Amino acid sequence: MRTARAMLAALALLCAAAMPALAVRPDEMLADPALEARARAISAELRCMVCQNQSIDDSDADLAHDLRVLVRERLTAGDTDAQAIDFIVARYGEFVLLKPRFSARNALLWGTPLLILLAGGVFLVLRGRGGGGKAAPLTGEERERLKDILGE
Amino acid sequence: MTVELGHFALVLALALSLVQAAVPLVGARMEHPRLMAVAEPAALTAFALVALAFAALTAAHVTSDFSVVNVWENSHSLKPMLYKFTGVWGSHEGSMLLWVLILTLFGALVAVGGRNLPQRLRATVLAVQGMIGVAFTLFILTTSNPFARLDPAPIEGRDLNPVLQDIGLAVHPPLLYLGYVGFSISFAFAIAALIDGRIDAAWARWVRPWTLLAWVFLTGGIAMGSYWAYYELGWGGFWFWDPVENASFMPWLAGTALLHSAIVMEKRAALKIWTVLLAILTFSLSLLGTFLVRSGVLTSVHAFATDPTRGVFILAILTFFIGGALVLFALRAPSLAAGGLFQPVSREGALVLNNLFLSTAAATVLVGTLYPLVVEAVGGDRISVGAPFFNLTFVPLMVPLLLIVPFGPLLAWKRGDLYAVAQRLLAAFGGAIAVTLLALVFIDRSAAFAALGFGLAAWLVFGALTDLALKSGLPGVPLATAARRLAGLPRSVYGTALAHAGLGLTVLGIVSVTALEAERFVTMKPGDTAEVGGYTLRFEGLQPRQGPNFVEDRATFVVAGRGGEALGTVMAAKRMYTTRQMPTTESGIRTFGLGQLYVSLGDLTEGGGIVVRAWWKPLVTLIWGGALVMMAGGALSLADRRLRVGAPAPRRKAARQEAAA
């Protein structure tokens, strides 16, 4: 956290140093804009596995370049988005997905937000219904302040 | 010699912190005023000693004393003076020293400013602060000593990581730490309340401004870090959901919740137990952030296992403070008296909802950040949790929260009238709908989500304005009267409105960049032009240039507007830092209105061209501008006399103000 950013930046640069180029290169891009847009959307969900937390769409590393080309090849060959992603996962494992799949192992990951929201909501409703007993009597200080306010 | 003096001062500071942690605590238990009185001088001296140690390290850096390992590893005689200075906290060791410096500074502030606190409370708070000081000073001295020497001394240093040689390093870490460490005060107050088994008015009056202060700094630290990454990393992103970012974002979310629950506690003496728990959790998340970033666990669980000294030490600190605090909470919380009652529809109720959503959001970020670590540690498998996950879970949690924000300040305490408030917000709602429709019609007919985002941002800003208008008596009084009343409103009312409006501006910037950004990747040769977002860039060529400790190739682009009018130039560069042989990309940024033209360079191609990536980012500056407005709101609220640190209004006057309000 010293430099929350800086560490991230340094790591990003490590990736960059391996292959100093910009992420998506003009020569990679597909001629068909609809297909290219799909390729970009898929790329944003795939991890550059030699970098820290960068998608292949953002990364300059060699591996990211290879994966981007691979995704575009699959799409050009007529794969659907899901098929193209499955193809990459079959080769590189689930680690490549920046958005983990809904599976038993990831149940807690996906379930936590809903679980906490529901539990908190239920707790609040129950507490609200119970009424919570009587209001606490005034403390000495509060009584004094009340006197003040009433102008004594 | 200076360096040894610094080392010695730090060891003494450890001793002083031990005294500060133990003696006042015993004194408070025994009701012994003299023992309790030890707290203040101990806290002040500890701060003075850590400041001395910090000054010694700074002197070594500024004079490029390469016989000190820390200076040799992170400095260079040719490094510009500003970075010699900021490089003090550019390394692990130096940044931990800054952490402890700020911790003891806050301790000293409590010692000086807390004279009007009950002595027992003050002594216990300072003792808890002292314990945190002991833990981290010991951590520095045993695992991360910045004062270690080298013999023989090298002639030249290895230079600071080039990414850190930026003005961002001067601002971002100190602000972030002031925020992180500032929450230690709220934590210390919470622990003191649990130890004493009681919370009184003085407690709430103190916790609120300290939390607010820490929150203002943390907001600034995160925003500054985001802008730094935006211009430095060269691909124009402003938030990456990186674990390191999440480490600072979780305390912010919890701290924002704490800020709001502390309001309820101060005004209505309700939510006491929850506020105490939240204060503990907020600082726990700060500690967790320190652990995540400092232990190396983020790169991989295995990297952590190969050199675990630092990680295990921080993990022990973490376990002691978080575990201890939670055990204390479990034991003592039931003895804290519950406070005032309120109906579900009331200002308290709205703030409870705020807390529910913010806590859930913090928990979501926490689970998303830790899940890959847990999966790897348990099964050896590696999974990734990145931006797509967080966008999918975090955004749906934020939307309902942002929708209820304008209701909060308008609802009455204790029992509110939702229907009446909704009526008063009708104009703001109409305005938001109008903005949504305008965005849909004029900008992009297919982008319904973007249009709704604009509407949500407008809702927040108009809601904040409605609050101010209603509190000045509009629409029931003449304009002149309203203007006079507006000028006389308490600063905390302005603070709330500004903070909420700032949030709206940030949302506006984020939605605008996400939905409307224009992007262009091209290979350019000198004389080529490229068009992005209505601006035309003409590439003039590359010039080599020699910097103090780097060489660079600088590209100049001439910018022209839609009608061909000249708008000046924008420069981008590729740099090579000679000592570390590390390349960096220096993006070129020009601000037009609230948007920015962002140009970044890629590889040279064979035909003598260069790959150029250019973006037009509409309203992007609002992302950080909104954060500045939020900070201004926090600062204004802090300047409210009723809340000023350690200076409550005199009883009579306060009473009159209350009566008038």
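This one's a predicted model, so the numbers in the text were calculated from it and none came from an experiment.

Core analysis: the biggest nonpolar cluster contains 152 residues, and B:Trp99 and B:Trp203 have the highest contact counts within it. B:Ala518, B:Phe592, B:Leu601 and B:Ala614 belong to the second largest nonpolar core, which has 21 residues in total.

All names here are of chain B. Taken in spatial order, the five strands of this open sheet run 2-3-4-5-6, and their pairing is antiparallel. Edge positions in the sheet fall to strand 2 (529-532) and strand 6 (582-586), since each of these pairs with one other strand and no more. Shown here is a sheet whose adjacent strand axes are inclined to one another by a mean of 25°, direction ignored.

All names here are of chain B. Taken as a whole, this structure holds 26 salt bridges over all chains when the rule is applied. With a closest N to O distance of 3.0 Å, Glu 93 and Arg 310 form a salt bridge. With a gap of 217 residues between them, Glu 93 in helix 6 (residues 92-113) and Arg 310 in helix 13 (residues 309-332) connect regions that are remote in the sequence. Here Arg 575 ties to Glu 586 by a salt bridge, and the two come within 3.9 Å at their closest N and O atoms. Here Arg 575, found in strand 5 (residues 566-577), pairs with Glu 586, found in strand 6; they are eleven residues apart in sequence, far enough to count as distant. We note that Arg 575, like Glu 586, is buried.

Before going further, it helps to spend a moment on the side chain of B:His76. Residue and element names in this part refer to chain B. Relative to the helices and strands, His 76 resides in the loop between helix 4 (69-74) and helix 5 (81-86). Reaching out from His 76, the side chain makes a polar contact with the backbone nitrogen of Leu 78 at a distance of 3.0 Å. Not counting residues up to four positions away in its chain, the partners in contact with His 76 are Ser 64, Phe 66, Lys 84, Glu 156, Gly 157, Asp 159 and Thr 579.

Residue and element names in this part refer to chain B. Mapping Gln 165 onto the fold places it in the loop between helix 7 (119-143) and helix 8 (167-196). Within the structure, the side chain of Gln 165 is placed 2.9 Å from the backbone oxygen of Leu 160, a separation counted as a polar contact. Polar side-chain contacts of Gln 165 include one of 3.0 Å to the side chain of Asn 549. Excluding anything up to four places from it in sequence, Gln 165 contacts Lys 79, Pro 80, Tyr 83, Asp 159, Leu 160, Asn 549 and Tyr 577.

Here the focus is the confidence of the model for chain B. All names here are of chain B. Predicted confidence across chain B gives a mean pLDDT of 89, with 95% of residues reaching 70 or more. Predicted confidence in chain B is weakest over helix 22 (residues 651-660), with a mean pLDDT of 44, and strongest over helix 3 (residues 39-62), with 96. Confidence over residues 645-661 falls short of pLDDT 50; this stretch has 26 contacts with residues more than four positions distant or in other chains. We note a pTM of 0.90 for the whole complex and an ipTM of 0.81 for its interfaces.

All names here are of chain B. Taken in spatial order, the four strands of this open sheet run 1-9-8-7, and their pairing is antiparallel. A strand with exactly one partner marks an edge of an open sheet, and here the two such strands are strand 1 (518-524) and strand 7 (588-592). The average angle at which neighbouring strand axes cross in this sheet is 15°, direction not considered.

So, about a nonpolar patch on the surface. All names here are of chain B. Among the surface-exposed residues, Leu 438, Val 441, Phe 442 and Ile 443 lie close enough to one another that they form a single nonpolar patch of about 430 Å² accessible area. When you line up the elements, Val 441 lands in helix 17 (residues 426-443). The exposure class of Val 441 is partly exposed, given its relative accessible area of 46%.

Here the focus is the environment of B:Leu78. Residue and element names in this part refer to chain B. In this fold, Leu 78 is placed in the loop between helix 4 and helix 5. Taking the C-alpha atoms as reference points, Leu 78 and Ala 53, 25 residues apart in sequence, are found 25 Å from one another. Setting aside anything within four residues of it in sequence, one finds Leu 78 in contact with Pro 548 and Asn 549.

Turning to helix 8 of chain B, a few remarks are in order. All names here are of chain B. With 30 residues, helix 8 ought to run about 44 Å at 1.5 Å a step, and its terminal C-alpha atoms sit 45 Å apart, in line with that. Most of helix 8 sits inside the fold, with 27 of its 30 residues counted as buried. The positive-phi residue at the C-terminal boundary of helix 8 is Gly 197, with phi of around 75°.

So, about the packing of helix 10 (residues 243-268) of chain B against helix 14 (residues 347-379) of chain B. Between two packed helices, what matters for the description is the angle formed by their axes and the separation of those axes. All names here are of chain B. Where helix 10 contacts helix 14, the two axes come as close as 9 Å, and the packing angle between them is 160°. Between helix 10 and helix 14, the interaxial angle falls into the category roughly antiparallel. Where helix 10 crosses over helix 14, the handedness of that crossing is left-handed. Considering only residue class, the contact of helix 10 with helix 14 consists of 14 nonpolar, seven polar and two charged.

Conventions and cut-offs
Residues numbered from 1 in each chain as written. Chains lettered and ligands numbered in written order. Predicted model: local features only at pLDDT ≥ 70, side-chain atom pairs only at ≥ 80, totals over all residues. Heavy atoms only, no water. Core = buried A, V, L, I, M, F, W, Y, C linked by side-chain atoms within 4.5 Å. Buried < 20%, exposed > 50% of the residue type's maximum accessible area, 1.4 Å probe, protein only. Pairing = 2+ DSSP bridges. Helix = DSSP H or I, 4+ residues; strand = E, 2+ residues; numbered from the N terminus. Axes fitted to C-alpha atoms, helices over the stretch in contact; angles between N-to-C directions. Salt bridge = Lys/Arg side-chain N within 4 Å of Asp/Glu carboxyl O. Polar contact = N/O pair within 3.5 Å; in protein donor to acceptor, adjacent residues only side chain to side chain. Contact = heavy atoms within 4.5 Å. pLDDT = per-residue confidence, 0-100. Patch = residues over 30% accessible without salt bridge, like charges linked within 9 Å, V, L, I, M, F, W, Y side chains within 5 Å. Areas by Shrake-Rupley, 256 points an atom, 1.4 Å probe, with all protein chains shown as cover. Expected span 1.5 Å × (residues − 1). Parallel < 35°, antiparallel > 145°, perpendicular 65-115°, else oblique. Left-handed = near helix turned anticlockwise from the far one by under 90°. Nonpolar A, V, L, I, M, F, W, Y, C, P; charged D, E, K, R; others polar.

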